[in-house]
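Spelled out from the first residue to the last, the chains are:
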Amino acid sequence: MTEKKFVLIFDDIILKQLKEVAQKDQKIKEILSKIFDKIEEKGDLAGKLIDSRLHIYEMKNKSPPIRLYFKPIKDTMFIFLFEFEMKTSPKKQQRTIDRLRKTANDRISKKT
């Protein structure tokens, strides 16, 4: 088993999403668990940088198509998990990214 180097902090939105998924779909729950493990192990190297100014990252799963958004907290070993979504249209993805850009710092400051 690999060593966990990073600590995950879950936003209220992703916690709500996880509760819903836990009741509905065990497969997605297992996939998300593997994604979380990878982020704990590799940190920001596990994802793709989607906003260089705010340091927001995205991690994708191909089947089923899931996108998870997160941000490493500067000068710490903490990773803040915002939310995940099932991949839909590029338009919906862009709306999600735009919303994260507007609210990222406020959401993090509430949890830390």
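Okay, so let's go over this structure. Since this is a predicted model, take the numbers as computed values, not measurements.

What follows covers the packing of aromatic side chains. Tallied over the entire structure, the rule returns 3 aromatic pairs. Note on Phe-10 and Phe-36: the rings are 5.3 Å apart at their centroids and 85° apart in plane angle, and the pair reads as edge-to-face. Linking Phe-10 in strand E1 (residues 7–10) with Phe-36 in helix H2 (residues 26–42), this pair joins segments that are 26 residues apart in sequence. Relative accessible area serves as the criterion here: at 10%, Phe-36 is assigned to the buried category. With centroids separated by 5.1 Å and ring planes inclined at 65°, the aromatic side chains of Phe-80 and Phe-82 adopt a geometry described as edge-to-face. Residues Phe-80 and Phe-82 agree in their burial class; the two are buried.

Its 13 residues place the ends of helix H1 (residues 12–24) 19 Å apart at the C-alpha level, agreeing with the 18 Å of an ideal helix rising 1.5 Å per residue. For H1, every residue scored as buried is listed here: Ile-14, Gln-17 and Val-21. Along H1, the residues classed as buried sweep out an arc of 60° about the axis, all on the same side. Exposed positions of H1 whose direction lies more than 90 degrees from the buried face are Asp-12, Lys-16, Lys-19 and Gln-23.

Rules and cut-offs
Residues numbered from 1 in each chain as written. Predicted model: local features only at pLDDT ≥ 70, side-chain atom pairs only at ≥ 80, totals over all residues. Heavy atoms only, no water. Phe/Tyr/Trp six-rings, centres within 6.5 Å; stacked < 30°, edge-to-face > 60°. Helix = DSSP H or I, 4+ residues; strand = E, 2+ residues; numbered from the N terminus. Buried < 20%, exposed > 50% of the residue type's maximum accessible area, 1.4 Å probe, protein only. Expected span 1.5 Å × (residues − 1). Arc of directions from axis to C-beta.

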